[in-house]
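If you want the building blocks of each chain, they are given just below.
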Amino acid sequence: MIKFKLKPLNVDNSKRFRSFLSSNEIRKRFIDYFVKENDHKFIKSSPVVPYNDPTLAFVNAGMCQFKSVLLGQRTLTANCVANSQKCIRVGGKHNDLDIVGSDGYHHTFFEMLGNWSFGQYGKAKACHLAWNLLTLPPFNIPTEQIYCTVFNGDRALDVEADNETLQIWKHIGVNDDHIIMNGVNDNFWEMGETGPCGPCTEIHIDYPPSGGKNLIELWNIVFIQYSREKNTMRKLPNYFVDTGMGLERLTMVLQDKTSTYDTDLFSPIFKIIFNACKISKYTGLYDGTSLDTYYRVLADHGRMITVALSDNMLPSQNHKLRRLIRKSFIMAEVNFKIQSGYTLMCDIANEVSTSLGNVYPELIKNNEKVKHLIKHEYTIFNKLRLSVSKDWKMVVEECPMLKSFNPYEECMGFVPACNYLIKHKNMSNIPAFTLYDAFGLEKKTIGRLAEIMGKPVNWNELEENLKKLQIKTINYTERKSNNYMIRNIPKTDDHFKYEVIRHNNESYLSPVLIAKLLAIVDINGNIVAEPDIKQQGDMVSLVLDKTSFYCKAGGQQNDIGIVKTNNGIVFDVIDVDKIEENGVVLHHIKSRDWPILFSEKELHVQVDSNNRLGLMRAHSSVHILNSVLNSYLVVTAQLSSCVKKDLMLFTFALFGQNFSPKEALVIEEKVKSVIQSAVSVKRTTVTSNDLNQINVTLLPGEVYPDEVHLIDMYSNVDDSYISREACCGTHVQNTLDVIDFCIVQYKCNINECTIMAVTGPLCTNARVFGQQLFEKSNFVEDLTNSTNLNNISPKKVHLLMDNMNQLKSELKNTSQNFIPLKVQIQINKKIFAIERKIQKLIKEKKMQILGDAVKTLCKDSYAVGYVDCDVAYLNDNCYDFENVIHICGEIPCLFLAYNKGHIHVYLRIPKEYPEDVNWLNNFWTKFDIKPIKFKNKVQFKATEFKVKRVDKYMALKLIDNVVQDVKKSYFSNI
């Protein structure tokens, strides 16, 4: 690999060597050249989220989707392929993030043009194919500008120089002074410490022409002809060719531009940014401080974000992606003065979808989804800013040197981590493991904190603790596996779990399977050599050579069933487990008769078909529901699922969208419509790499095995897939067999929603019980409607409330009986209306009773006395005198009542009347309270209070005393 200075180029546009080609034309020419003219098969780009490689956060090279082929784990039907691969490099060995914007070449997202040969052709053809494409029309790159690098051998690796490739380039016509021999660091490719590897040759262009001083790498051609093993380098019988060329760099050269940012891949995005901000246009400066740097960074990040989101990568699952999104929001607002940063990012997403959508159609298909996720992330980001700003201000006041950080770009634990460091400022070292483990900081952030705070980092402590955690996890896994001492027993063949027979009456039968009994295992995980019921108990596990039982996986519960001896003795299989490390299935039985199995060599295995059918119905309904939700909502993602017999729970992400109970009912109807459409359900098996080539629903962040089962629901009427989803579970063969679908529970917040639904016969049970409960609600409604002020009584109120509470209780107790969500909504609506009517009636009756009692106390000049009325309607212990005082006209009033251990007092005098201070002081004293200020009304001033007096006799005596006193003194004077 030739090293070159990353600076903008000075290109003489007068020396153009070809007519203008757009980036789309360049990409198309590359693909057509290999596919149409040189018999390569086109393989579409895999998503930037790896499906089958847990070692990668992003696909960062064209070879990623062929890794298993290079490792010899699988083969392709085509021996030579070509494609344009979407790649992201923001971390790890290939990390261009920090350089982006400072030069004219590096990007977080780029397209890798590549061709591969898996034993079809060798070095000569690979070099000739590359040479001809670059030097012949329409690319027409002058041969005198092309340089080639070749591997010079390495004694330590015991690998000779690649003289074959050297001679090939000479034969093609490359001059000796245009061939550069390099060592292992530049021209030897390795996948890892062990595994496939080999020499590579690179094609560079002297651009602009400078006598070999401005060499830019265009194409890397790798010859995978060795396998590095522990102490040796083994030559492979057949070698592979793996090539890669960056589209952005090739486009720069063919369009005679000074940097990749000047090409038509970026210029439309710069126009979008300028039209939004109207500050200044992009001019291509590289001074590190001008707005042009931010133009490049924002355009680059906008491309990366759009592609990642359209490929179903979720910011909540990838901190690097979320960090770049937030960085872009800040840049849009701070540098480009856009009020809400997400609006510019959405405009950029539109442009990226338009410019790349013809090659990657998922960008157009998922455009609205991408924009919604951007807006949702902005909502989260804004909330974070509001919550963090105050704490961050305090952090900066305590430690000003931390001001160089932007807390909004960091993880949620960054500000608390800074507070922790300030609180423990006397620590000699930065506690790397604590910051990493407790606060979630990345190593890079930890290093930067240490640098700014001037303290060393104990990286050894971090690595040691991480290793301890890893060992702990491994030990736990091994201990879990070692609980069963059955390592020498072969893997159980369980593919029979998918073999079921469907009858015309929508019933299914799991055929009887005859299996060999390999071992009996006790509850301690030991193989039983001699049966001893006293020592081993009545619970054991059977290990068979094959089984038709499904073990719990993919959210689906395990099968139950029986095993039967040749003599007809039956043992119930109450549970099954699979030991993941060796694939052995354990059939758990509980019986004191198990020792007789020692004389058995074979057993008849029978899955409970009724239970299995309930599981299949529920699981198929999950797939239909997921498909319907994906078509109904702008964006969603499955978070979890649980499948039991004719019962399913499904939790999905909402990303800030509203999803009401009424919308859940719309979804229910759509699911039922699919069920009644009699769509066939089929299982197919593909490799994980095949997932790239088909439109299939996958779980975000899930890593899939090499062999993947697909559940296809295909509609012959619409000639399209209703659902196509990777799944290891069991399913019905036709959607009609689900019979029915009924949502019985709905829980929702702004982030996610959980739906519980039943299928098959449970739907009938739910609807019957729902109808019964609905009829009860009708009875309560009718009873309420027949109640008025004239016939209401305490007994009738209690009857109404008892019926209401019973209705509520049955509505909540869904664990006993399922109730359709539609019925729940209807009944809740009725309950709300009934409660309001009852409350209104009680209030009116209360006012009527209170008003009648007050009316009897009204005299010509004042209204004073003990309010004696039916307290049955005053259970709330509240006397609303204000609402009945109008009965008394404009005279002064003093009302006193007693209820539930409290004296209620209401005092009102006209505004123009003077306050008798002496009497009032005596008044307050009688009740043993501090003076209470009068509240000014329109024509009156009034006060209202209650005091506790448990003894009713003493309370009534006090009331009588106050009444007599006010009549004789204060009110008589008024």
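See the structure printed just above.
What comes next concerns the included structure. (Residues numbered from 1 in each chain as written. Predicted model: local features only at pLDDT ≥ 70, side-chain atom pairs only at ≥ 80, totals over all residues. Heavy atoms only, no water.)

## Thoughts on the state of the cysteines
Step number 1: If you walk through the whole model with that rule in mind, you get 0 disulfides.
Step number 2: As a non-bridged cysteine, Cys-642 has Cys-727 as the owner of its nearest cysteine sulfur, 14 Å distant.
Step number 3: Among the residues examined, Cys-642 registers a relative accessible area of 22% and is labelled partly exposed.
Step number 4: You can see Cys-893 has no disulfide; the closest cysteine sulfur is in Cys-888, sitting 4.1 Å from it. (Disulfide = S-S within 2.5 Å. Buried < 20%, exposed > 50% of the residue type's maximum accessible area, 1.4 Å probe, protein only.)

## Things to note about the sheet that holds strand β22 (residues 680-687)
Step number 1: Spatially, 3 strands are ordered β22-β23-β24 in an open sheet, and the strand pairing comes out antiparallel. Pairing within the sheet leaves two strands with one partner each, and these edge strands are β22 and β24 (720-726). Strand-to-strand, the axes of this sheet are offset by a mean angle of 25°, without reference to chain direction.
Step number 2: As paired elements, strand β23 (residues 707-715) and β24 share 6 bridges and run antiparallel to each other. Each bridged residue has a counterpart across the sheet, and for Asp-712 the counterpart in β24 is Arg-724.
Step number 3: Sheet strands in contact with helix α18 (residues 609-632) are β23 and β24, and its direction is about 115° off that of β24. (Pairing = 2+ DSSP bridges. Helix = DSSP H or I, 4+ residues; strand = E, 2+ residues; numbered from the N terminus. Axes fitted to C-alpha atoms, helices over the stretch in contact; angles between N-to-C directions. Contact = heavy atoms within 4.5 Å.)

## Brief notes about the environment of Arg-322
Step number 1: Counting through the fold element by element, Arg-322 comes out in helix α9 (residues 319-334).
Step number 2: Looking at Arg-322, the relative accessible area reads 18%, which means it is buried.

## Some points on the packing of aromatic side chains
Step number 1: For the structure on display, the rule yields 38 aromatic pairs.
Step number 2: Aromatic side chains Phe-405 and Phe-414 sit 5.0 Å apart centroid to centroid with 45° between the ring planes, which places their arrangement in the tilted category.
Step number 3: On the basis of an interplanar angle of 50° and a centroid distance of 5.9 Å, the ring pair of Tyr-862 and Phe-971 is categorised as tilted. With a gap of 109 residues between them, Tyr-862 in the loop between α22 (821-855) and β27 (863-866) and Phe-971 in helix α25 (residues 970-973) connect regions that are remote in the sequence. In terms of burial, Tyr-862 and Phe-971 fall into one category: buried.
Step number 4: Aromatic ring contacts, followed pair by pair, group Tyr-862, Trp-919, Phe-923, Trp-924, Phe-927, Phe-945, Tyr-970 and Phe-971 into a single cluster.
Step number 5: When the ring centre of Tyr-286 is taken as reference, the NZ or CZ atom of Arg-296 above it lies at 3.8 Å.
Step number 6: Across from the ring centre of Tyr-498, 3.7 Å away, lies the NZ or CZ of Arg-683, which sits over that ring. (Phe/Tyr/Trp six-rings, centres within 6.5 Å; stacked < 30°, edge-to-face > 60°. Lys NZ or Arg CZ within 6 Å of the ring centre and 35° of its normal.)

## Focus on the side chain of Lys-497
Step number 1: Structurally, the position occupied by Lys-497 is in the loop between α16 (459-482) and β12 (501-502).
Step number 2: Under the relative-accessibility criterion, Lys-497 is labelled buried at 11%.
Step number 3: A distance of 3.1 Å separates a polar atom in the side chain of Lys-497 from a polar atom in the side chain of Asp-494.
Step number 4: Look past the residues within four positions of Lys-497 in its chain and what remains in contact with it is Thr-547, Ser-548, Phe-549, Tyr-550, Lys-578, Arg-612 and Thr-730. (Polar contact = N/O pair within 3.5 Å; in protein donor to acceptor, adjacent residues only side chain to side chain.)

## Examining helix α19 (residues 661-676)
Step number 1: Between its first and last C-alpha, α19 extends 23 Å over 16 residues, near the 22 Å set by a 1.5 Å rise per residue.
Step number 2: Where α19 is buried, its residues contact α18, β24, β25 (741-748) and α22.
Step number 3: Ala-678 sits one or two residues past α19 and shows a positive phi near 55°. (Expected span 1.5 Å × (residues − 1).)

## Re the pattern of salt bridges
Between side chains of opposite charge, a pair can form when the charged atoms approach closely.
Step number 1: Per the counting criterion, the structure on display carries 32 salt bridges.
Step number 2: Among the ionic pairs, Lys-28 bridges to Asp-32, the shortest N-O distance being 2.7 Å. Linking Lys-28 with Asp-32, this pair stays in helix α1 (residues 23-35), spanning 4 residues, or about one helical turn.
Step number 3: Of the residues examined, Asp-32 reaches a relative accessible area of 16% and is grouped as buried.
Step number 4: Lys-86 serves as the salt-bridge partner of Asp-311, at 2.9 Å between the closest nitrogen and oxygen. Remark: Lys-86 occurs in strand β2 (residues 80-88) and Asp-311 occurs in the loop between α8 (291-310) and α9; sequence separation between them is 225 residues.
Step number 5: Asp-311 gets classed as buried once you look at its relative accessible area, which sits at 7%.
Step number 6: The class of Lys-86 is buried, set by a relative accessible area of 1%.
Step number 7: In this structure, a network of salt bridges that share partners links the residues Lys-28, Asp-32 and Lys-36. (Salt bridge = Lys/Arg side-chain N within 4 Å of Asp/Glu carboxyl O.)

The values are spatial; any link to function lies outside them.
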